[in-house]
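# Summary of structural features
Below, each chain spelled out in residue letters.
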Amino acid sequence: MNKSLSLLAFGAALALASPALAQVKLVASTPTANKAAAKPMAVSLTFSDKIASTSTMDIVMLTMPGMKDHPPMKISGFTAGVSADGKTLVAKLPRPLPVGTYVVNWRAAGTDGTPATGKINFAVK
Ligand SMILES: [Cu+2]
(Lines give C-alpha, C1' and ligand atoms only; values in the text may rest on other atoms or scores of the structure.)
Protein backbone atom coordinates (compact mmCIF):
# COMPACT_ATOMS: atom_id res chain seq x y z
CA MET A 1 0.00 0.00 0.00
CA ASN A 2 1.43 3.43 -0.86
CA LYS A 3 1.49 6.28 1.63
CA SER A 4 -1.61 8.15 0.46
CA LEU A 5 -3.66 4.95 0.38
CA SER A 6 -2.67 4.04 3.93
CA LEU A 7 -3.58 7.58 5.08
CA LEU A 8 -6.94 7.12 3.39
CA ALA A 9 -7.46 3.83 5.20
CA PHE A 10 -6.49 5.48 8.50
CA GLY A 11 -9.04 8.26 7.89
CA ALA A 12 -11.75 5.73 7.10
CA ALA A 13 -10.97 3.83 10.30
CA LEU A 14 -11.29 7.07 12.32
CA ALA A 15 -14.60 7.86 10.63
CA LEU A 16 -15.91 4.41 11.51
CA ALA A 17 -14.69 4.70 15.11
CA SER A 18 -16.22 8.13 15.77
CA PRO A 19 -19.88 7.08 16.25
CA ALA A 20 -18.86 5.52 19.57
CA LEU A 21 -18.20 9.06 20.81
CA ALA A 22 -21.36 10.50 19.29
CA GLN A 23 -23.58 12.68 21.42
CA VAL A 24 -26.96 11.29 22.41
CA LYS A 25 -29.86 12.93 20.56
CA LEU A 26 -33.30 13.71 21.84
CA VAL A 27 -35.76 11.55 19.88
CA ALA A 28 -39.06 12.11 21.73
CA SER A 29 -40.59 14.00 24.62
CA THR A 30 -43.73 14.20 26.74
CA PRO A 31 -45.18 16.81 26.47
CA THR A 32 -44.38 16.86 22.76
CA ALA A 33 -42.08 19.71 21.71
CA ASN A 34 -43.89 22.77 20.37
CA LYS A 35 -47.31 21.37 21.30
CA ALA A 36 -49.77 22.13 24.08
CA ALA A 37 -50.58 19.58 26.79
CA ALA A 38 -53.15 19.60 29.59
CA LYS A 39 -52.07 19.29 33.26
CA PRO A 40 -48.80 17.40 32.70
CA MET A 41 -47.65 15.59 35.87
CA ALA A 42 -44.27 14.66 34.39
CA VAL A 43 -41.81 15.67 31.72
CA SER A 44 -39.97 12.87 29.99
CA LEU A 45 -37.21 13.04 27.41
CA THR A 46 -36.24 9.99 25.39
CA PHE A 47 -32.79 9.79 23.84
CA SER A 48 -31.21 7.89 20.98
CA ASP A 49 -29.02 5.88 23.33
CA LYS A 50 -28.50 5.09 27.01
CA ILE A 51 -27.70 8.11 29.15
CA ALA A 52 -25.65 8.58 32.31
CA SER A 53 -27.36 8.92 35.71
CA THR A 54 -25.90 12.45 35.96
CA SER A 55 -28.24 13.61 33.16
CA THR A 56 -30.69 16.25 34.26
CA MET A 57 -33.16 18.92 33.20
CA ASP A 58 -34.46 22.30 34.29
CA ILE A 59 -38.09 23.19 33.66
CA VAL A 60 -38.63 26.93 33.34
CA MET A 61 -41.97 28.71 33.01
CA LEU A 62 -41.65 31.54 30.49
CA THR A 63 -45.11 33.07 30.37
CA MET A 64 -48.46 32.67 32.07
CA PRO A 65 -51.87 34.13 31.21
CA GLY A 66 -52.63 37.51 32.72
CA MET A 67 -49.06 38.30 33.73
CA LYS A 68 -47.08 40.76 31.62
CA ASP A 69 -43.29 40.61 31.79
CA HIS A 70 -43.26 37.22 33.50
CA PRO A 71 -39.66 36.56 34.52
CA PRO A 72 -38.31 33.07 33.76
CA MET A 73 -39.48 30.99 36.71
CA LYS A 74 -37.73 27.71 37.47
CA ILE A 75 -40.05 24.89 38.53
CA SER A 76 -38.76 23.20 41.67
CA GLY A 77 -39.73 20.27 43.83
CA PHE A 78 -38.62 17.42 41.59
CA THR A 79 -35.52 15.46 40.71
CA ALA A 80 -35.01 14.02 37.27
CA GLY A 81 -34.11 10.34 37.06
CA VAL A 82 -33.23 7.86 34.35
CA SER A 83 -35.95 5.28 33.69
CA ALA A 84 -35.47 1.51 33.57
CA ASP A 85 -34.77 1.42 29.82
CA GLY A 86 -31.77 3.70 30.41
CA LYS A 87 -32.74 6.05 27.59
CA THR A 88 -35.41 8.22 29.17
CA LEU A 89 -34.98 11.07 31.62
CA VAL A 90 -38.12 11.57 33.70
CA ALA A 91 -39.11 14.44 35.98
CA LYS A 92 -42.14 13.49 38.09
CA LEU A 93 -43.74 16.70 39.26
CA PRO A 94 -45.28 17.23 42.70
CA ARG A 95 -48.29 18.95 41.06
CA PRO A 96 -49.48 19.50 37.49
CA LEU A 97 -47.77 22.32 35.63
CA PRO A 98 -49.95 25.45 35.55
CA VAL A 99 -51.20 26.95 32.28
CA GLY A 100 -48.39 28.81 30.50
CA THR A 101 -45.41 28.30 28.25
CA TYR A 102 -42.27 26.44 29.22
CA VAL A 103 -38.75 25.64 28.16
CA VAL A 104 -36.96 22.50 29.28
CA ASN A 105 -33.17 22.75 29.24
CA TRP A 106 -31.56 19.32 29.36
CA ARG A 107 -28.04 18.07 29.88
CA ALA A 108 -27.39 14.43 29.11
CA ALA A 109 -24.23 12.40 28.78
CA GLY A 110 -23.90 9.19 26.85
CA THR A 111 -22.60 6.16 28.73
CA ASP A 112 -19.15 7.01 27.29
CA GLY A 113 -19.40 10.41 29.01
CA THR A 114 -19.83 12.51 25.87
CA PRO A 115 -21.98 15.46 26.99
CA ALA A 116 -24.91 16.87 25.04
CA THR A 117 -27.32 19.69 25.79
CA GLY A 118 -30.53 20.94 24.25
CA LYS A 119 -33.93 22.40 24.95
CA ILE A 120 -37.56 21.93 24.04
CA ASN A 121 -40.47 24.30 24.34
CA PHE A 122 -44.06 23.39 25.01
CA ALA A 123 -47.24 24.94 26.33
CA VAL A 124 -49.72 23.90 29.00
CA LYS A 125 -53.35 24.63 28.14
CU1 LIG B 1 -45.24 31.58 36.54
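These numbers come from a predicted model, not from an experiment.

For the rest of this paragraph, the subject is the sheet that holds strand β6 (residues 80-82). In space, the four strands of this open sheet follow the order β1-β3-β7-β6, with antiparallel pairing throughout. Each edge of the open sheet carries a strand with a single partner, namely β1 (26-30) and β6. Neighbour-to-neighbour, the strand axes of this sheet turn through a mean angle of 20 degrees, independent of strand direction. Both β6 and strand β7 (residues 88-92) contribute to a ladder of three bridges, which runs antiparallel. Bridge pairing in β7 links Ala80 to Ala91.

For sheets, the rule is that strands pair by backbone hydrogen bonds, running either parallel or antiparallel. The strand order across the open sheet formed by five strands is β2-β9-β8-β4-β5, and the pairing between neighbours is mixed. At either end of the open sheet lies a strand with only one pairing partner, and these are β2 (36-37) and β5 (73-74). Bridge analysis of strand β8 (residues 100-109) against strand β9 (residues 115-124) gives ten bridges, and the strand direction is antiparallel. Residue pairing in the sheet places Ala109 in a bridge with Pro115 of β9.

We now examine the nonpolar core. Ranked by internal contacts, the top residues of the largest apolar core, which has 17 residues, are Met57, Ile59, Leu89, Tyr102, Val104, Trp106 and Ala108. Elements with a contribution of two residues or more to this core: β3 (42-47), β4 (56-63), β7 and β8. Ranked by residues supplied to this core, first place goes to β8 with four residues. Contact partners of Ala108, with chain neighbours within four places excluded, come to Val24, Phe47, Ile51, Ser55, Leu89 and Ala116.

Definitions and cut-offs
- Residues numbered from 1 in each chain as written.
- Predicted model: local features only at pLDDT ≥ 70, side-chain atom pairs only at ≥ 80, totals over all residues.
- Pairing = 2+ DSSP bridges.
- Helix = DSSP H or I, 4+ residues; strand = E, 2+ residues; numbered from the N terminus.
- Axes fitted to C-alpha atoms, helices over the stretch in contact; angles between N-to-C directions.
- Core = buried A, V, L, I, M, F, W, Y, C linked by C-beta atoms within 7 Å.
- Buried ≥ 20, exposed ≤ 12 C-beta atoms within 10 Å, placed from the backbone.
- Contact = placed C-beta atoms within 7 Å.

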